[in-house]
Amino acid sequence: MALQYKFPEGFWWGSATSATQIEGAADEGGKGRNIWDQWHENEPNRFFDGVGPASTSDFYHLYKEDIRLMKEIGHNTFRLSISWSRLIPGGQGEINPEAVAFYNNVINELIAQEIEPFVTLYHFDMPFELQEKGGWESRAVVEAYAKFAEECFRLFGDRVKKWFTFNEPIVPVEGGYLYDFHYPNVVDARRAVQVAYHTMIAHARAVGVFRAAGIEEGQIGIILNLTPSYPRSQHPADLKASNAADLFFNRSFLDPAVLGEYPEELVEMLREHGQLPHTEKGDQELVKSGIVDILGVNYYQPRRVKAKEHLPNPYGPFMPDWYFDNYEMPGRKMNPYRGWEIYEKGIYDIMVNLRDNYGNIQSYIAENGMGVEDESRFVDNGEIQDDYRIEFISGHLTWLHQAIEEGCNVKGYHLWSFMDNWSWMNAYKNRYGFFSVDIETKKRTPKKSAHWIKQVAEQNGFNRA
């Protein structure tokens, strides 16, 4: 029987994760401290059940078994990140040979299992010493990052061909400098804008270093969490609100990364409120030189907005939401555990936008997934029956397939995540994996979705009942 949804030849089936969220071994192998290690030590109460990043899912010791399991469920690609503080403790200076050995082992094992490694350079994990020097507010830290990138390309670029400078760069901006859910817990839009701007300068520096490294058949990109902004109605005031949200949360990174320049409208909004970043001579050309080869798209939920109900407090700090209010659409489908709306068509709308307004850049879904609390409720015969996850993935893949049929340049789909991993402040509250992880014993057990994705990957497609 022919498959209802068949994907293009060579489609990338896999999953994504990050160093801090799965490696564990936070005090082993010569690793330095990052902001998460330090913050958890300072304020364990800010983390779900007080669980920090010390051991997480212990990929550091169990990577061989994990990569074998990836192969078993049909992965042909896998995205991981390199921990800056593991490779260069303190963020500057000597390379840690134990880290080089570990990442070489992981990369070689992936290749031996015919799984192509995709590598992210920075996934929320600033070395603590560099955060003390100002983090992304500091131009010196930008240069330290460029040096870190250069070392990664030198050490691993002979085997790794897909590189990504940053994962979701808007998140450290929102979390660390606007809304107080990541370290350093600053609430100051001016500093947030500087951090966002320097992140793109750092990105462009890394792209330059990559080009100079001359990695054969190599591609460099960035991973952006694109969240379509849907207006409550077609009223001009609602449309204006959704445009503002789009400028702040999507186009602030998407335009410089893909088009090489910032949207004039965004610059004007920041200028009006005295929030423009400090720039240096030559920056404009630098940003232009950072145009990516490939774009990773993370999609979890839509953003629905409406015109503001009340004027912003003139004595309060400037915030992007001076321009819009969030809107709860009646009848929306929800993931109650995460408080997120499930809107599968969003994945299609993102891809059509990239096709029509961003030169149909080569892209792939770098993350998409569903976190559910207390999955042990769904155990039957020793296996979590996560039909809700299968439904979630197939719903999104159906719309992704539609986008591909309509000419969108989409190369693959990665789930967040291969196995349950530590989620920043939420620790192990919501589980996302194809494999469940017992936090005490670290035992991996496949969920129903693991068998399902194996079949999808092997057939390069699926049928929907």
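Rules used throughout
- Residues numbered from 1 in each chain as written.
- Predicted model: local features only at pLDDT ≥ 70, side-chain atom pairs only at ≥ 80, totals over all residues.
- Heavy atoms only, no water.
- Helix = DSSP H or I, 4+ residues; strand = E, 2+ residues; numbered from the N terminus.
- Expected span 1.5 Å × (residues − 1).
- Buried < 20%, exposed > 50% of the residue type's maximum accessible area, 1.4 Å probe, protein only.
- Polar contact = N/O pair within 3.5 Å; in protein donor to acceptor, adjacent residues only side chain to side chain.
- Pairing = 2+ DSSP bridges.
- Axes fitted to C-alpha atoms, helices over the stretch in contact; angles between N-to-C directions.
- Contact = heavy atoms within 4.5 Å.

## A look at helix α9 (residues 189–213)
Part 1 of the reasoning: Its 25 residues give α9 an end-to-end C-alpha distance of 36 Å, which sits within 8% of 36 Å, the value for a rise of 1.5 Å per residue.
Part 2 of the reasoning: Most of α9 sits out of view: 18 of its 25 residues are buried.
Part 3 of the reasoning: Between the side-chain oxygen of the N-cap and the backbone nitrogen of Arg190 there are 3.1 Å, and the N-cap of α9 in question is Asp188.
Part 4 of the reasoning: Of the residues flanking the end of α9, it is Gly214, one or two places downstream, whose phi is positive at about 60°.

## Some remarks on the sheet that holds strand β8 (residues 294–298)
Part 1 of the reasoning: The eight strands lie next to each other as β2-β3-β4-β5-β6-β8-β13-β17, forming a closed barrel whose pairing is parallel. Adjacent strand axes in the sheet meet at a mean angle of 25° when their direction is disregarded.
Part 2 of the reasoning: Here α9 sits on the sheet in contact with β5 (162–167) and β6 (219–225), set at roughly 160° to β6.
Part 3 of the reasoning: Across the sheet, helix α14 (residues 387–405) is in contact with β2 (12–16), β13 (363–367) and β17 (410–415); its angle to β17 comes to roughly 170°.

## Topic: the sheet that holds strand β7 (residues 229–231)
Part 1 of the reasoning: Here we have three strands laid out as an open sheet, ordered β7-β9-β10, and mixed in their pairing. Both outer strands of the open sheet, β7 and β10 (325–326), are each paired with one neighbouring strand and no more.
Part 2 of the reasoning: In this sheet, strand β9 (residues 303–306) lies alongside β7 in parallel orientation, the contact comprising three bridges. Within β9, the residue paired with Pro231 across the bridge is Val305.
Part 3 of the reasoning: Along the sheet face, helix α10 (residues 236–259) touches β7 and β9 and points at about 170° away from the line of β7.

## Comments concerning unusual backbone geometry
Part 1 of the reasoning: Following Tyr183, the chain continues to Pro184 via a peptide bond in cis, the omega torsion being 10°.
Part 2 of the reasoning: The residue Pro184 is located in the loop between α8 (170–177) and α9 in this model.
Part 3 of the reasoning: Of note in this structure, Glu217 is not a glycine but carries a positive phi near 60°.
Part 4 of the reasoning: Within the secondary structure, Glu217 is located in the loop between α9 and β6.

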